[in-house]
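# Inside the fold
One letter stands for each residue in the lines below.
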Amino acid sequence: MRKLEWKTLKQEYVYENKWFHARADKCELPDGRIIEPYFVVEVPHFCNIFIVTKEEKVVLVKQYRYPVSKITYELAGGVIEQNEDPLQAALREMTEETGYVSNEMEYLFKAAANPALMNNTAYYFLARNAVKTHSQHLDELEDIDVVSFSKEAFLELLAENKLQHGVQLGAVYESMIRLGWLQWK
């Protein structure tokens, strides 16, 4: 079998702050060619939660996303703190962003958010029978509205391509399969 791994010859940080580190690496490909610079973005791991209430309403967050100049519908979620368990982060983020809690959290999967450029991992969960018990407790710069949709309205939202956060779509479809809302033909 052909060797595919690259060899790192040099790493240099070209920008660093609390949430974002940019690295310019010098890499050797298996055939000896050199790529310089190969940029790597280091950002924190994160989690997202597909939240469903006892009434089968899907709870989403609605917020403005500056890089794409759009108001988006998204799954609740956020950064996993260093050494924090992904499930605990998901429970925390769900309550902070939406005020909902669930005793029925199901791990879906983890995935590389963008392995061609970024080094982080995304963890996805399904929260069943969620109940609103708290008010939002947002971070200083968060400005999030909580919205809920019936199963039918959510499926229409999805069909109309109104969920634009691409890295979340796999978790949306996996959740619908596990809930029995989507069947394989």
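Residues numbered from 1 in each chain as written. Predicted model: local features only at pLDDT ≥ 70, side-chain atom pairs only at ≥ 80, totals over all residues. Heavy atoms only, no water.

## Details of the sheet that holds strand β1 (residues 7-16)
Here we have three strands laid out as an open sheet, ordered β1-β2-β3, and antiparallel in their pairing. Two strands in the sheet have a free side with no partner beyond their single neighbour: β1 and β3 (34-42). Going from strand to strand, the sheet's axes swing by 25° on average, the running direction of each strand aside. Here strand β2 (residues 21-28) runs beside β3; their pairing, made up of seven bridges, is antiparallel. (Pairing = 2+ DSSP bridges. Helix = DSSP H or I, 4+ residues; strand = E, 2+ residues; numbered from the N terminus. Axes fitted to C-alpha atoms, helices over the stretch in contact; angles between N-to-C directions.)

## Description of the packing of helix α2 (residues 151-159) against helix α3 (residues 169-179)
Between α2 and α3, the least distance of the axes is 13 Å, while the angle of their chain directions is 140°. In the packing of α2 onto α3, the handedness of the crossing is left-handed. Across the interface between the two elements, Phe 154, Leu 155 and Leu 158 from α2 touch Leu 169, Val 172, Tyr 173 and Met 176 from α3. Looking at the contact of α2 with α3 residue by residue, the class counts come to seven nonpolar, no polar and no charged. (Left-handed = near helix turned anticlockwise from the far one by under 90°. Contact = heavy atoms within 4.5 Å. Nonpolar A, V, L, I, M, F, W, Y, C, P; charged D, E, K, R; others polar.)

## With respect to α3
Among the residues making up α3, those that are buried are Ala 171, Val 172, Ser 175, Met 176 and Leu 179. Buried positions in α3, seen along its axis, are confined to an arc of 135° and lie on one side of it. Contacts from the buried residues of α3 go to β4 (46-53), β9 (104-112), β10 (121-132) and α2. A positive backbone phi angle near 80° is found at Gly 180, which sits one or two residues after α3. (Buried < 20%, exposed > 50% of the residue type's maximum accessible area, 1.4 Å probe, protein only. Arc of directions from axis to C-beta.)

## Comments concerning the environment of Gly 32
Here Gly 32 shows up in the loop between β2 and β3. For Gly 32, a relative accessible area of 36% gives the class partly exposed. Each C-alpha atom of the pair Gly 32 and Trp 6 lies 9.4 Å from the other, and the pair is 26 residues apart in sequence.

In short, the description is geometric, and any link to function would need to be established separately.
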